[in-house]
Amino acid sequence: MRHFPRSGLFFKLIAFFTRTYPGGYKVKSSIDMTMESLQKLNPQQYEAVTSDARQLLVLAGPGSGKTRVLTQRIAFLVHEKSVNPRAILAVTFTNKAAREMRARLERMLGGSVDALWLGTFHAICARILRREAAALPFDANFVIMDADDQQSIVKRVLKDLNIDEKLYPPASIHSIISNAKNAMQGPGDLRSRTYREEIAKRVYEQYEKILRASNAVDFDDLLMWSVRLFEENPPIREKYARRFEHVLVDEFQDTNQAQYELLKHLSSQHHCLFAVGDEDQSIYRWRGADYRNVLRFQSDYPQSVKLLLERNYRSTQNVLDAAQAVINQNKARTPKNLYSKRGSGPLITLYDAVDDHAEAAFVVEDILDRISAGEKGGNFAVMYRTNAQSRLLEEAFLRINLPYRLVGAQRFYGRKEVKDIIAFLRLVHNPLDTVSLTRVINVPPRGIGSKTLIDLNIQAQESSLTPSEVLLSLGEQGERSPFWLPFSSRGASVLADFGALLVNWREFSQSQPLPELFDRILKDIGYKEYIDDGSEVGEGRWENVLELRRLAYEYQERGINEFLENIALVSDQDTVPDEMDAPTLLTLHAAKGLEFSHVYIIGLDEGLLPHSRSFEDPEEMAEERRLFYVGITRAKDLLTLVRAGQRSNYGRFEYTMESRFLEDIPENLINRQGMRLGVHRVNPLSQPRWESTAAAAQTNRKNEKPPEARFKAGMRVIHPVWGDGMVVETRILGNDETVTVMFETVGLKRLAASVARLEIMR
DNA sequence: GTGGCCCCTGTTTTT
DNA sequence: CAGGGGCCAC
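Residues numbered from 1 in each chain as written. Chains lettered and ligands numbered in written order. Predicted model: local features only at pLDDT ≥ 70, side-chain atom pairs only at ≥ 80, totals over all residues. Heavy atoms only, no water.

1. Remarks on the overall build of chain A
Line of reasoning, step 1. Along the backbone of chain A there are 29 helices and 25 strands.
Line of reasoning, step 2. Burial statistics for chain A: of 762 residues in total, 56% are counted as buried.
Line of reasoning, step 3. Restricting the contact set of chain A to residue pairs at least 6 apart, pairs at least 24 apart contribute 74%. (Helix = DSSP H or I, 4+ residues; strand = E, 2+ residues; numbered from the N terminus. Buried < 20%, exposed > 50% of the residue type's maximum accessible area, 1.4 Å probe, protein only. Contact = heavy atoms within 4.5 Å.)

2. Focus on the protein's contact with DNA strand B
Line of reasoning, step 1. DNA strand B sits among 26 residues. The nearest are R385, N387, T452, D572 and Y650.
Line of reasoning, step 2. The sugar-phosphate portion of DNA strand B accounts for 59% of its atoms within 4 Å of the protein, the bases making up the rest.
Line of reasoning, step 3. For DNA strand B, a phosphate oxygen lies 2.6 Å from a polar atom in the backbone of N387.
Line of reasoning, step 4. Take S450: an N or O atom from its main chain is 3.4 Å from a phosphate oxygen of DNA strand B.
Line of reasoning, step 5. Tallying contributions element by element places helix α20 (residues 450–462) first for the surface near DNA strand B, with 3 residues.
Line of reasoning, step 6. Partitioned by chemical class, the residues of the surface near DNA strand B number 6 nonpolar, 13 polar and 7 charged. (Near = heavy atom within 4 Å. Polar contact = N/O pair within 3.5 Å; in protein donor to acceptor, adjacent residues only side chain to side chain. Nonpolar A, V, L, I, M, F, W, Y, C, P; charged D, E, K, R; others polar.)

3. Looking at the pairing of strand β17 (residues 596–601)
Line of reasoning, step 1. With respect to burial, β17 is a largely interior element, 6 of its 6 residues being buried.
Line of reasoning, step 2. By the bridge criterion, 4 bridges tie strand β14 (residues 380–384) to β17 in an arrangement that is parallel. Bridging across to β17, M383 finds its partner in I601.
Line of reasoning, step 3. Alignment of β17 against strand β18 (residues 635–648), held across 5 bridges, turns out to be parallel. Within β18, the position partnered with Y600 by the bridge is T640. (Pairing = 2+ DSSP bridges.)

4. Here we look at the sheet that holds strand β8 (residues 246–249)
Line of reasoning, step 1. Pairing in this open sheet of 6 strands is parallel, and the strands run β5-β4-β8-β9-β3-β10 from one edge to the other. Each end of this open sheet is capped by a strand with a single partner; those strands are β5 (117–120) and β10 (305–309). Here the average twist between neighbouring strands, direction ignored, is 15°.
Line of reasoning, step 2. Here 4 bridges tie strand β4 (residues 88–92) to β5, and the two strands are oriented parallel to one another. Residue pairing across strands places V91 opposite G119, the latter belonging to β5. (Axes fitted to C-alpha atoms, helices over the stretch in contact; angles between N-to-C directions.)

5. So, the environment of A460
Line of reasoning, step 1. With respect to the helices and strands, the residue A460 is situated in helix α20.
Line of reasoning, step 2. Sequence spacing of A460 and G345 is 115 residues, and the spatial spacing of their C-alpha atoms is 69 Å.

6. Section: the packing of helix α22 (residues 489–511) against helix α23 (residues 514–525)
Line of reasoning, step 1. Their axes nearest at 10 Å, the elements α22 and α23 cross at an angle of 160°. For the element pair α22 / α23, the angle class is roughly antiparallel. In this structure, α22 meets α23 at a crossing whose hand is right-handed. Touching L501, N504, W505, F508 and S509 of α22 are E516, L517, R520, I521, D524 and I525, all from α23.
Line of reasoning, step 2. Considering only residue class, the contact of α22 with α23 consists of 6 nonpolar, 2 polar and 3 charged. (Parallel < 35°, antiparallel > 145°, perpendicular 65-115°, else oblique. Left-handed = near helix turned anticlockwise from the far one by under 90°.)

7. Quick notes on the packing of aromatic side chains
Line of reasoning, step 1. Taken as a whole and assessed by the stated rule, the structure comprises 20 aromatic pairs.
Line of reasoning, step 2. Judged by centre distance (6.2 Å) and plane angle (65°), the rings of Y168 and Y195 are edge-to-face. One end of the pair, Y168, is in the loop between α7 (147–160) and α8 (170–182); the other, Y195, is in helix α9 (residues 195–213), and 27 residues separate them in sequence.
Line of reasoning, step 3. For the pair F397 and Y404, a centre-to-centre distance of 5.4 Å together with 40° between the ring planes defines the contact as tilted. As far as burial versus exposure is concerned, F397 and Y404 are alike and both buried.
Line of reasoning, step 4. Aromatic ring contacts, followed pair by pair, group W117, F230, Y240 and F244 into a single cluster. (Phe/Tyr/Trp six-rings, centres within 6.5 Å; stacked < 30°, edge-to-face > 60°.)

8. A word on the packing of helix α12 (residues 257–266) against helix α13 (residues 293–300)
Line of reasoning, step 1. Contact geometry of α12 with α13 gives a least axis separation of 11 Å together with a crossing angle of 30°. As summarised for this structure, α12 and α13 are arranged roughly parallel, according to the angle between their axes. Crossing handedness for the pair α12 and α13: right-handed. Together, Q257, Y260 and K264 of α12 and N293, R296, F297 and D300 of α13 make up the contact between the two elements.
Line of reasoning, step 2. Split into classes, the residues belonging to the contact of α12 with α13 amount to 2 nonpolar, 2 polar and 3 charged.

9. Quick notes on the pattern of salt bridges
Close approach of charged atoms lets side chains of opposite charge pair.
Line of reasoning, step 1. Taken as a whole, this structure holds 51 salt bridges when the rule is applied.
Line of reasoning, step 2. The residue R370 makes a salt bridge to D366 at a minimum N-O spacing of 3.2 Å. Pair noted here: R370 and D366 are both in helix α15 (residues 356–372), with a separation of 4 residues, about one helical turn.
Line of reasoning, step 3. Judged by relative accessible area, which is 16%, D366 ranks as buried. (Salt bridge = Lys/Arg side-chain N within 4 Å of Asp/Glu carboxyl O.)

10. A short note on helix α21 (residues 467–477)
Line of reasoning, step 1. A large share of α21 lies buried, amounting to 8 of its 11 residues.
Line of reasoning, step 2. Every buried residue belonging to α21 is among P467, S468, V470, L471, L472, S473, L474 and G475, and all of these are buried.
Line of reasoning, step 3. Against the buried residues of α21 lie α18 (416–429), α19 (434–440), α20 and α22.
Line of reasoning, step 4. Phi for G478, located one or two positions after α21, is positive at around 55°.

Shown next, in the form of structure tokens:
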């Protein structure tokens, strides 16, 4: 290894030079953050960043600065090894991580690093496939089918093949297809020893036909086709492999077979592969991730160097001890000894709530108390196993008027109204997209039911066209279209009407920017009237559409293609509103890679965490444990574990058993609170549930229940979270005062005076 | 042939 | 409690 001077003077000196790299790339270093921060690395990190080993495997415990190492490594390569940024490829787990890393690199290197390839596997693959479309069975503006689309394709195929959905659930058939793709298997590679396998194979074949006919790929295809492209086209592979002198991957433990092979292809010329990961944080087995890639890496690259990062910079020792106690129960792992120099810190709280409502109430009240005491809202996170658990939390947050941020792309993009509009846009962009066509052809209802749809498909098939082409012909030529006669007169005219809309939109989109097209579609189909029935729910739906519209605005310059691609590839973490200083609600999966000062993990009950679906399979149980481990290790200072003695699973109340994982945490690290110690304020069984939680929220706020109006319009007030504001309106509702305040930061809010802790300013 | 209504079922995690 | 599918009435 080349010795590398660590003297501060030297670093400051080189900071004044403008360096020129082979290939003409220039970076002007102003303040040399690269070198300055290099000094702050611990010996292991320093070794990882500066090592000359061609293949490096960094096994990094949680909070050990692995992202930092990755970023520094890139900066080091560019700055010290004179590697041209265009010769570097770095793979991150989320788009957000990629964005942040790019920003950090630009700061460190003092210039743009546009030439560096940095993104998720899926985004990188999409980029490659669009570039190399000429060698592929689809063209460059293919659309990407999401999980929903995939499911509906499978359903359609099952219907076409006359297969009973009850016997062969679409989800399970789809997972067979997905697994096959992750293992680089086509329909022909699938075994067919059982009837079930035979079915899956046949569905797979048809499924592929639909994708190709739609000029579409699914998530798994992005990876599979990229690998296949490289396998079957050595010149193309060499082009990329020659370019990428250095390939770096984050979250390596969560790569699947296709991703691993892709990495090997991409680094097949220079063989410089830098992988960072942690077996203990592998939580995506169910989607094909295989932490044994870590072992494969070592046997594929016998020369590779393995480094361990064990020093934790994030958490207190109590948190780490609990985490270790939990993960140590898993066999077959590289033993690590995490240590922190942050001191033992406070005990871990385990709160035993009577039921799920009390669970949510406890969390929210605890957070409110701490925020009121001056803590920043953004320091808090509440984590759970299943998305459904967020609901009670949200209700509790709303009840006490505390803003929160909910993480989850599905939450937004999975909504019907959002999916509808996206489907319209996709259809305009790519009329071959039959999945989208089927989705929206009768939205809002325009008289195109199943019979007409079947006729349309028959017509299309008989003339070897796609349904959209038939539709467009009807739309353009009306009665003169060759397809007019075969339909019933009613069918022909409703189809022609919709076809005409589509024709217009397509023309319109040639000359007009995306937001204009967006508005035009909404107007033409009367979408607002369709979804907004004036109710609160309806208004919410319309607001979602407007939110999507706002997003479309951001893509005015970049265009519809990028808009659709980014929508298809958003990850949950991409949806964290960074600018907002409020507690974060997220699944344990979405929490990977993040950290918070205060972490609450709720639902520590058997069946939820660990989830009941993992009971039979020890491998899955081990993954549940890792998931819990990931959650625990997100906490910097305070960890609070919460469970509920009973919860309403589907409609009915059920008693729960404490999670087995809790037994593994030594008692001396835990401070037990809740039901068992009689801390509960209200007996939930004596009253209706909603009242008990509302009452709990009230009684908890000790004194301030105003007998009469405390506030007046025009008063200046201050809120612990939203800051300064002015009272707009106030009125007495029941035994409480409702105040409407215009805040400088968040605008208009309506608050209950007894709960909101508004302070009047002079 | 379409659309609305009712019943039934079924709950992990997501690029 | 919600979404989807099947059935029945216009």
